[in-house]
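# Descriptive structure summary
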Amino acid sequence: MNPIASGASPIEVARLDVPATDVITFDSHDESIVGRNTPDPLLFAFSGKTGPHVGGGSVPVAQSKTQDSVLDALNTPAMNKARCLYIHIPFCRVRCTYCNFFQYASSESLIAEYFAALTLEIERKSAFVWTQSMPFQAVYVGGGTPTDLSAEQIKQLGQMIRQYFPLTPDCEITLEGRVNRFSEAKFESALEGGFNRFSLGVQSFDSKVRRAAKRLDDGDVVIETLQKMVRYNAAPIVIDLLYGLPYQTLDIWQHDLQMYLETGVDGVDLYQLLELQNLPMARLIEQGKLPQPANTATKAEMYKMGADFMARFHQRRLSVNHWASTNRERSIYNSLAKTNAEVLPIGAGAGGNFNGISAMQHRDMNAYIEAIQQQQFPVGMAFKSDPNNASLNQFKAAFDRGVLLKHDFIPWFERLMPLFEAWQLRGLVTITEQAVALTQAGQFWSVNLATNLIKVIQNDQANRLALAG
């Protein structure tokens, strides 16, 4: 999945770096903003998570001006040294029941046609001034299931990345995928192509849980495959675990955590199962073919189990959801993409931002390939980035780390103090002279808190503009 994709809002607000001494205004009784006053904020502070990522504000570019806007942005040298490359591979053998990212079933002929168009896009976009003006610090090949490419295609893709794009000497180049059919031949081809990090969606090691979610291998096969890759000692191997799935009891979740350590992989992301509207899992539950997944309170308990487990076994925390077991795992792309880094999108369904333009590329395969063949940018939607994005992204990154440092947010640290104090009363943060740190409850609800803070800032700025007008 593309971690950069997020919703857009039409609100334009004043620059956040304009000094202001008065405190920000908001409705301190609005529980959707400040959270519920409950003895157990971990379980009950909010009714549910607002989404997988924090959104932001942008202004749509007229469809007639999309091509020129993207061209102008790419013809202008980069000003931001923090930048990444995202390449999307929109194929999967099957659709997992919880997945909202599925686009196309894997077939050799369709993948070959797509790969040819992808090659052309890589060659074209790599030649622009913006692309060549500074090196990329991280590359992420996501999906879909990139490991459904053939061994030769994976190798060629890695080689093209290194051939066409300027990269820092320590550039992190991640290949996302799943264990199923990710053979040793494919793994070795990826290494030969220059991939130096692997992110694999495991979700659960329990075979019953996996089958209910349409994962294609039993747990013992997953463990064996991961351990084989670890034994190569060639690159960090990182896995995703998902909590809240049907049949996934607290005991099974505890076993999933233990198996993470048993595999010897270099890191893990712990993600909660989100709302299931219009997804296959929801239909199977309605038909009585699957039991209800965990409710929000149970998922909060599972998050606590995961965080406590990682602390007990001295795993190095990289964010509120990500831990490393070795010093090889750096998670550069994930860290940069949640800050003010620019991201160049390539491939059908990819999203990114560069030189003040945010772009979502065509998800439809025919539209994507046709645009490439006509030497157009395969952009379905483009937005002018909110001038406040750099400041707002600082907040997003801080919530993802779990702490807001005062010196990073002057004068906003003091202006937002009433909101921080309301959260502290509800057990979501702890305020010190120099920082606001998220409690464990706050870490579980970090996306809600970040989204609410940005909403408060935008509403306050909009109100001030209205009064000034």
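Summarised in this report is the structure supplied together with it. The numbers attached to residues start from 1 for each chain and follow its sequence in the written order. The predicted origin of the model limits local features to residues at a pLDDT of at least 70 and limits the giving and counting of side-chain atom pairs to 80 or more, whereas totals for whole chains, interfaces and linings rest on all residues. As a rule here, side-chain values come from all non-hydrogen atoms in the structure, and water together with hydrogens is ignored.

Here the residue pair G143 and G144 is connected by a cis peptide bond, since its omega of 20° sits within 30 degrees of zero. Counting from the N terminus, the helices are the DSSP runs of H or I reaching at least four residues and the strands are the DSSP runs of E reaching at least two. Counting through the fold element by element, G144 comes out in the loop between strand 5 (136-143) and helix 6 (151-164). In this model, I410 is joined to P411 through a cis peptide bond whose omega is 5°. Turning to its location among the elements, P411 is positioned in the loop between strand 16 (403-405) and helix 16 (412-415). Backbone geometry at R181 places phi at a positive 60°, although glycine is not the residue there. Topologically, R181 is positioned in the loop between strand 6 (167-177) and helix 7 (184-193). Throughout, exposure labels follow a simple rule: accessible area from a 1.4 Å probe, protein chains only, divided by the maximum for the residue type, with under 20% read as buried, over 50% as exposed, and the rest as partly exposed. In this structure R181 comes out as exposed when scored by relative accessible area, which is 57%. Here the phi dihedral of N355 falls at roughly 50°; this positive angle occurs in a residue that is not glycine. Along the chain, N355 turns up in the loop between strand 13 (351-354) and strand 14 (357-361).

Another point: the state of the cysteines. Only a pair of cysteine sulfur atoms within 2.5 Å counts as a disulfide in this structure description. For the structure on display, the rule yields zero disulfides. Note on C84: no disulfide assigned, nearest cysteine sulfur contributed by C171 at a separation of 8.3 Å. Under the relative-accessibility criterion, C84 is labelled buried at 0%.

Turning our eyes to something else, we now look at the side chain of E342. Along the chain, E342 falls in strand 12 (residues 342-346). In this count, Lys and Arg are taken as positive residues and Asp and Glu as negative ones, while His and the chain termini are left out. By definition, a salt bridge exists where a carboxyl oxygen of Asp or Glu is found within 4 Å of a side-chain nitrogen of Lys or Arg. Although E342 is buried, it forms no salt bridge, and the closest oppositely charged side chain is R83 at an N-O distance of 5.4 Å. In protein, a polar contact requires one atom able to donate a hydrogen and another able to accept it; more generally it is a pair of N or O atoms within 3.5 Å, and residues adjacent in sequence count only if both atoms are side-chain atoms. Within the structure, E342 has its side chain in polar contact with the side chain of W130 (distance 3.5 Å).

It is worth spelling out the packing of helix 9 (residues 219-232) against helix 10 (residues 250-263) at this point. One can describe the packing of helix 9 onto helix 10 by two numbers: an axis separation of 9 Å at closest approach and a directional angle of 35°. Between helix 9 and helix 10, the residues in contact are I223, L226, Q227 and V230 and M259, E262 and T263, respectively. Across the contact of helix 9 with helix 10, the residue classes break down as four nonpolar, two polar and one charged. Helix axes are fitted to C-alpha atoms over the stretch in contact, other axes to C-alpha atoms as well, and angles between N-to-C directions run from 0 to 180 degrees. Contact criterion: two residues are considered in contact whenever any of their non-hydrogen atoms come within 4.5 Å of each other. Polarity classes work like this: nonpolar for Ala, Val, Leu, Ile, Met, Phe, Trp, Tyr, Cys and Pro, charged for Asp, Glu, Lys and Arg, and polar for all others, with Gly in that last group.

Another point: the pairing of strand 6. The side chains of a regular strand alternate, first on one face of the sheet and then on the other. Along strand 6, eight of the 11 residues are buried, which leaves the element largely enclosed by surrounding structure. A pair of strands is considered paired only if DSSP assigns at least 2 bridges between the two. Bridging between strand 5 and strand 6 involves five bridges; their strand directions are parallel. Within the sheet, the bridge partner assigned to A138 lies in strand 6 and is E172. Note on handedness: a clockwise path from strand one over the helix to strand two, with the strands aimed away from the viewer, defines a right-handed crossover. The parallel pair strand 5 and strand 6 is bridged by helix 6, and the resulting crossover is right-handed. Relative to strand 7 (residues 197-203), strand 6 runs parallel, the two being bridged by four bridges. Across the sheet, L175 pairs through a bridge with F198, a residue of strand 7.

The next point concerns the packing of aromatic side chains. Each pair of aromatic rings taken from Phe, Tyr and Trp, with Trp reduced to its six-membered ring, is defined by centres within 6.5 Å and is described as stacked if the planes are under 30 degrees apart, edge-to-face if over 60, and tilted in the remaining cases. Counted according to the given criterion, the structure contains 22 aromatic pairs. An angle of 70° between the planes, with centres 5.9 Å apart, marks the rings of W130 and F136 as edge-to-face. Aromatic ring contacts, followed pair by pair, group F46, Y303, F444 and W445 into a single cluster. The cationic tip of R83 hangs over the ring face of W130; the distance from NZ or CZ to the ring centre is 4.3 Å. Across from the ring centre of F136, 4.2 Å away, lies the NZ or CZ of R83, which sits over that ring. We call a charge positioned above a ring when the Lys NZ or Arg CZ atom is no farther than 6 Å from the ring centre and deviates by at most 35 degrees from the ring normal.

Along the chain, T145 turns up in the loop between strand 5 and helix 6. Residue T145 is classed as buried on the basis of its relative accessible area, which comes to 3%. Excluding its chain neighbours within four sequence positions, the residues that come into contact with T145 are I89, F91, C92, G177 and R178.

Moving on to the pattern of salt bridges. According to the stated counting rule, one finds 13 salt bridges in the structure shown. Its salt-bridge partner being R415, residue D22 comes within 3.8 Å of it at the nearest N-O pair. Of this pair, D22 sits in the segment before helix 1 (31-34) while R415 sits in helix 16, and the two are 393 residues apart along the sequence. We note a salt bridge from E172 to R197, for which the minimum N-O separation is 3.7 Å. Placement of the pair is E172 in strand 6 and R197 in strand 7, with a sequence separation of 25 residues. Here E172 and R197 have matching classes, each one buried. Connected through salt bridges with shared partners, the residues D22, R415 and D460 form a single ionic network.

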